[in-house]
Amino acid sequence: AAMSKKGLKLLVDSLTRSAKHFNKSEVECLVNLFDTLVARSSSQFAGAGFDRTVFRDTLHSAFGMTDDVVLDRVFSTFDRGNNGCITVVEWVEGLAVLLRGTLEEKMKYCFAVYDLNGDGYISREEMFQMLKNSLLIQPADEEPDEGVKDLVDLVLKKMASTYLLVLFLLQDYDHDGKLSFADFEKAVREEKLLLEVFGPCLPDIK
Amino acid sequence: IFSKASSSVEDIGESSSETEEDEQPVRRQEGGTDLSPEYWGIQKLAKYVKGGDPTATLIALCSMRDLNLSQEACQLAIKDTGCLEVLINLLDTEEIKCQTGSLKILKEISQNVLIRHAIADLGGLEIMVKILDSPDSDLKCLAAETIANVARFKRARKTVRQHGGIKRLVELLESISVGSSCQAKDTETARCGALALWSCSKSTKNKKAIRKAGGIPLLARWLKCSHTNILIPIVGTLQECASEPSYRLAIRTEGMIEDLVKNLSSEHEELQMHCASAIFKCAEDEETRDLVRKHEGLQPLSVLLDNSENKQLLAAVTGAIWKCAISRENVLKFQEYKTVEALVTLLTDQPEEVLINVIGALGECCQEQENRGTIRRCGGIAPMVKLLSATNRALLVNVNKAVGGCAMEPENMAVIDSLDGVRLLWSLLKNPNPDVQASAAWALCPCVENAKNSGEMVRSFVGGLELIVNLLKSKDREVLTSVCAAIANIAKDQENLAVMTDHGVVPLLSKLANTNNNKLRRHLAEAIAHCCMWGSNRVAFGEAKAVAPLARYLKAKDPLVHRATALALYQLSEDPNNCVIMHENGVVKLLLAMVGSTDDALQEAAAGCIANIRRLALATEKAKYG
């Protein structure tokens, strides 16, 4: 739906404040881009936003992101309204984190992407899901999934170790092995390389 | 563990200033044939790196860092499993995260000498140099820090240079703003660059390359920063390069002496040490010695002598004091700070590298008469004389000079003699090294001059006179000069002169006459002058053809040469045949010019010589015409 000039200005001002990392002209560009994407999208949302397919195509062509599982999850983090449609607000604010987020914002974002069922924890099963295609060469004499399970163990050992230790001390030792956000945050602060530990979900610097 | 370096021919030209031996990777004998537990752990992780996508690779790399990478077993396991190649291959990809993860490991394990040789063998250095072009500054820092570790041996340093590494490392020092507000990120990049340059600068060709790449003004700029963690590698690099005259000149002209002096008062001993080292090397030049004084650097140096625990620091400080003391104005300043007293306390129980500098400093301080007395009063003469029995060449040269300096005072001379010091000096004339011989001979001059019963003392050294006369056969000019000076002194005693004549001193001195070196000419002429005063030596000198060359000395520009030559000619002119030769060689005209000299001794000798020649001429005339 076409917006009045005044309405556009109000929108741009508001988004510049809420997204924090873009200036006004950058926001304007993003809003224009949004409109093109909406035009491309199916009309099921009556112009309020664009759908998952358009989103995935855009991210693929703009940032070279190819992993389906990851793209799906990214869509879900953008789609805060949880209605399968990305509004202009969700679009601009989402991109703000993706492109210029602070370490705190990126950590929250990545964790949300990796938390496949959104229950606040990254479980062993979820890790397996995300890593199952990461080992390209499997030795013939090993069970195919052994390597991936091993990788999952390595991650848990590295990132959840203090968590397990604390629980153990509190007599609440949970053998399940899962990562809370606190675990994730602590580990990433110590070693920034672990930010995208389960797969790339941020655009490359290039 | 490390065997003696056996550098190849090309390596020798590479780094002539290196005093450290190049390391050789030698593996310790391992007990047992079982592979260590670390081996299996690393092999498993290496498998994930090799066979996984970047995500799996990163997980494996991060896990690897949790292993105890500073332990040798771990480091060797990485090499033996072939994981090292995998890590280096990762560097060659464009995946910044994988490169970062790999470098974090390589940086740690390259502290191991075997690993860094292996990294160089596998072509890792070239790749790391390329990474210095990356836009990611964390990655650049890691690459530079790793290069700093690997470049601890010659071949690695050469490789870095051959692949354009020096230029890129110097570029890391370029940052937008330096000054009181050193930005943290810029400082870190520069710090890592400086660390790598410091390692690389141990090779002479790299010192030149750094300069050609415009490194000096950048080093000067960072020297003004106040962060210790970057100052240390910057000063480290400067002091390493200060063995090159071009660097010493730049350090002086770019105002770096002021900063070096300032940092002598730092709280960090390592920084103090490097600053003192730099000053030690630069103070070879007089202008620098003046600058150190002008920027009030002499006092902090003196104060640092109190810290005798840190031997490396002490060696650097005493070295700086030594060289600064070459200038007399500095010696006067040091007197204010009671430096001489402090130095004397360091004459005992110190490692050789400290002693050499302490003695060197005391030797220079003897320029001032007051200090010679101070040394005696502080009980410094006995330890000095004891050091005459040392074997280290550099130490002996300095000790000789110091003892000689002290011997200029008769009171000191008495102490030296009572401790048998002169005999020890004399036996150093037998030392195979010409520098030791020469410095011993120089020191003997004041000894012979100032000792009581000097003639007897000299005679008491069995074979001593024969020894010193035979040194006139040496091929080393400094030895010849110093021996002539000593002989001039010894010859003042008639008996000793007679003995020296028996040993052939006259022909040996005469053989040296054809020299153009003014210092040798001067002392040779003095020796001849004094040796004339026995028996028929005057005639013998004439027969040995010493007179004509001496005549040529009068044409030199050095007034000290004139005086010594005039004295010699005066003595020689007592013999008529010599007068004839002098006359034929135009001596009269030259000496006439000197009769009006303000130098009394020269005046008298010139006049006396001319008179002798004239008298002979007149007598000849008379004989001719009746």
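This is a predicted model, so every value here is computed, not measured.

1. What about the overall build of chain A?
Regarding its fold elements, chain A presents 10 helices and two strands. Secondary structure of chain A in N-to-C order comes out as α-α-α-α-α-α-β-α-α-α-β-α. Expressed as a percentage of its 206 residues, the buried residues of chain A come to 43%. Residue pairs in contact within chain A that sit at least 24 positions apart in sequence constitute 56% of those at least 6 positions apart.

2. Section: the overall build of chain B
Each helix and strand in chain B was counted, giving 42 helices and zero strands. The C-alpha atoms of chain B give a radius of gyration of 33 Å, which is well past the 25 Å a tight globule of 626 residues would have. Dimensions of chain B along its principal axes, counting C-alpha atoms only, are 120 × 55 × 45 Å. Long-range contacts, defined here as pairs at least 24 residues apart, represent 72% of the contacts in chain B between residues at least 6 apart. Just so you have it, chain B exposes about 27,000 Å², and 50% of that area is on carbon and sulfur atoms. Taking the average place of the 73 positive charges on the side chains of chain B and the average place of its 78 negative ones, the gap between the two points comes to 5 Å.

3. Things to note about the interface of chain A and chain B
Between chain A and chain B, the residue contacts involve 23 residues of the former and 22 residues of the latter. The largest contributions to the chain A side of the interface with chain B come from Leu 154, Lys 158 and Leu 193 of chain A, which together make up 31% of the buried area. For the pair chain A and chain B, the number of links is five salt bridges. For Lys 44 of chain B, the salt bridge identified is with Asp 150 of chain A, shortest N-O distance 3.4 Å. On the surface where chain A and chain B come into contact, there are eight residue pairs in polar contact (both at pLDDT 80 or more). Residue classes in the side of chain A that touches chain B are distributed as 14 nonpolar, four polar and five charged.

4. Thoughts on the packing of aromatic side chains
Residue and element names in this part refer to chain A. Throughout the structure, instances matching the rule amount to 12 aromatic pairs over all chains. Measuring from ring centre to ring centre gives 6.4 Å for Phe 50 and Phe 55, while their planes differ by 20°; the resulting arrangement is stacked. Assigned by exposure class, Phe 50 and Phe 55 land together as buried. These aromatic residues form a ring-pair network of at least three members: Phe 34, Phe 50, Phe 55, Phe 75, Phe 78 and Trp 91.

5. Notes on the UniProt feature "repeat: ARM" (unreviewed entry) in chain B
All names here are of chain B. As recorded in UniProt, the sites labelled "repeat: ARM" (unreviewed entry) are residues 123-165 and 463-505. The annotated region residues 123-165 carries 74% helix and 0% strand content, and the separation between its end C-alpha atoms amounts to 14 Å. Helix makes up 72% of residues 463-505 and strand 0%, and the two end C-alpha atoms of the span are 14 Å apart.

6. Describing the domain arrangement of chain A
All names here are of chain A. Considered domain by domain, chain A is made up of domain 1 (5-101) and domain 2 (105-194). At the junction of the two partners, domain 1 supplies 10 residues and domain 2 supplies seven residues. For the pairing of domain 1 and domain 2, the buried interface totals around 890 Å² over both sides, and the portion due to carbon and sulfur atoms is 61%. The largest share of the area that domain 1 buries against domain 2 comes from Arg 73, Thr 77 and Val 97, three residues that together contribute 52% of it. Seen at the junction of domain 1 and domain 2, the total is one salt bridge. As a salt-bridge pair, Glu 105 and Lys 20 come within 3.6 Å of each other at their nearest N and O atoms.

7. Structural notes on the nonpolar core
Ranked by internal contacts, the top residues of the largest apolar core, which has 277 residues, are Trp 91 and Phe 198 of chain A together with Ile 78 and Leu 509 of chain B. Leaving out residues up to four positions away in the same chain, Ile 78 of chain B has contacts with Ile 42, Met 64, Leu 69, Cys 83, Leu 84, Leu 87, Ile 105 and Ile 109 of chain B.

8. Section: the environment of Leu 33 of chain A
Residue and element names in this part refer to chain A. Relative to the assigned elements, Leu 33 resides in helix α2 (residues 24-40). On the basis of relative accessibility, which here comes to 35%, the residue Leu 33 falls in the partly exposed class. Remark: the alpha-carbon pair of Leu 33 and Val 88, spanning 55 residues in sequence, is separated by 9.8 Å.

9. A word on the side chain of Ser 63 of chain B
Secondary-structure assignment places Ser 63 of chain B in helix α3 (residues 54-66). A distance of 2.9 Å separates the side chain of Ser 63 of chain B from the backbone oxygen of Ile 59 of chain B, its partner in a polar contact.

10. Points about a positive patch on the surface
A grouping of Lys 205, Lys 208, Arg 211 and Lys 212 of chain B is seen on the molecular surface, where their side chains present a positively charged patch. One can find Lys 205 of chain B in helix α13 (residues 204-212).

11. Focus: the UniProt feature "domain: EF-hand" (unreviewed entry) in chain A
Per the UniProt annotation, the sites labelled "domain: EF-hand" (unreviewed entry) are residues 66-101, 102-137 and 159-194 of chain A. Summarising residues 66-101 of chain A: 67% helix, 0% strand, and an end-to-end C-alpha distance of 21 Å.

12. Description of the state of the cysteines
All names here are of chain B. Scanning all chains against the criterion turns up zero disulfides over all chains. With no disulfide of its own, Cys 378 lies 11 Å from the sulfur of Cys 406, the closest cysteine sulfur. What makes Cys 378 partly exposed here is its relative accessible area of 34%.

13. Considering helix α30 (residues 434-450) of chain B
Residue and element names in this part refer to chain B. Compared with an ideal rise of 1.5 Å per residue, which puts 17 residues at 24 Å, α30 spans 25 Å between its outermost C-alpha atoms and is within 8% of the ideal. With 12 of its 17 residues buried, α30 lies for the most part within the structure. Turning to α30, its buried residues are Val 436, Gln 437, Ala 438, Ser 439, Ala 440, Ala 441, Ala 443, Leu 444, Cys 445, Pro 446, Cys 447 and Val 448.

14. Side note on the environment of Arg 65 of chain B
Checked against the element boundaries, Arg 65 of chain B lands in helix α3. When neighbours within four sequence positions are excluded, Arg 65 of chain B is seen to be in contact with Glu 191 of chain A together with Lys 104 and Ile 105 of chain B.

15. So, unusual backbone geometry
For residues besides glycine, phi is generally negative; the peptide bonds are generally trans as well. Phi is positive for Glu 296 of chain B, which is not a glycine, with a value near 60°. On the accessibility criterion, Glu 296 of chain B (62% relative accessible area) is exposed.

16. A word on helix α2 (residues 37-51) of chain B
End to end, α2 of chain B covers 22 Å across 15 residues, agreeing with the expected 21 Å (1.5 Å per residue, within 8%). When we look at burial in α2 of chain B, the residues that qualify are Tyr 39, Ile 42, Leu 45, Ala 46, Tyr 48, Val 49 and Gly 51 of chain B. On its buried face, α2 of chain B sits against α8 (146-159) of chain A together with α3, α4 (72-80) and α5 (83-91) of chain B.

17. A closer look at the pattern of salt bridges
With the rule as written, the count across this model stands at 43 salt bridges over all chains. The salt bridge involving Lys 401 of chain B is made with Glu 364 of chain B; its shortest N-O contact spans 2.8 Å. A residue pair is termed long-range when its members are at least 10 positions apart, and Lys 401 of chain B in helix α27 (residues 393-406) and Glu 364 of chain B in helix α24 (residues 352-365) qualify at 37 residues. Of the residues examined, Glu 364 of chain B reaches a relative accessible area of 10% and is grouped as buried. Here the salt bridges share partners, and the residues they tie into one network are Arg 52, Arg 56, Asp 68 and Asp 72 of chain A.

18. Observations concerning the confidence of the model for chain A
Averaged over every residue, the pLDDT of chain A is 81; the share at 70 or more is 83%. Contacts from residues 163-175 of chain A, a stretch scored under 50 in pLDDT, to residues over four places away or in other chains number 10 contacts.

19. Observations regarding the confidence of the model for chain B
Residue and element names in this part refer to chain B. This prediction gives chain B a mean pLDDT of 91; 94% of its residues lie at or above 70. Across residues 1-19, confidence stays below pLDDT 50; counting only partners more than four residues off in sequence or on other chains, it has 36 contacts. In the predicted assembly, ipTM is 0.85 and pTM is 0.84.

20. Structural notes on the environment of Val 506 of chain B
All names here are of chain B. Looking at where Val 506 falls in the secondary structure, it is placed in helix α35 (residues 505-511). Accessibility expressed as a relative area gives 4% for Val 506, which makes it buried. For the pair Val 506 and Lys 557, spaced 51 residues apart in sequence, the C-alpha to C-alpha distance is 26 Å. Beyond its immediate sequence surroundings of up to four residues, Val 506 is in contact with Asn 537, Ala 540 and Phe 541.

Cut-offs and rules
- Residues numbered from 1 in each chain as written.
- Chains lettered and ligands numbered in written order.
- Predicted model: local features only at pLDDT ≥ 70, side-chain atom pairs only at ≥ 80, totals over all residues.
- Heavy atoms only, no water.
- Helix = DSSP H or I, 4+ residues; strand = E, 2+ residues; numbered from the N terminus.
- Buried < 20%, exposed > 50% of the residue type's maximum accessible area, 1.4 Å probe, protein only.
- Contact = heavy atoms within 4.5 Å.
- Rg over C-alpha atoms; globule rule 2.2 N^0.38 Å.
- Areas by Shrake-Rupley, 256 points an atom, 1.4 Å probe, with all protein chains shown as cover.
- Lys, Arg positive; Asp, Glu negative; His and termini not counted.
- Charge placed at Lys NZ, Arg CZ, Asp CG, Glu CD.
- Buried area = accessible area lost by both parts, 1.4 Å probe.
- Salt bridge = Lys/Arg side-chain N within 4 Å of Asp/Glu carboxyl O.
- Polar contact = N/O pair within 3.5 Å; in protein donor to acceptor, adjacent residues only side chain to side chain.
- Nonpolar A, V, L, I, M, F, W, Y, C, P; charged D, E, K, R; others polar.
- Phe/Tyr/Trp six-rings, centres within 6.5 Å; stacked < 30°, edge-to-face > 60°.
- UniProt positions renumbered as here; feature names shortened; annotations may be inferred.
- Domains from an automatic or database assignment.
- Core = buried A, V, L, I, M, F, W, Y, C linked by side-chain atoms within 4.5 Å.
- Patch = residues over 30% accessible without salt bridge, like charges linked within 9 Å, V, L, I, M, F, W, Y side chains within 5 Å.
- Disulfide = S-S within 2.5 Å.
- Expected span 1.5 Å × (residues − 1).
- pLDDT = per-residue confidence, 0-100.

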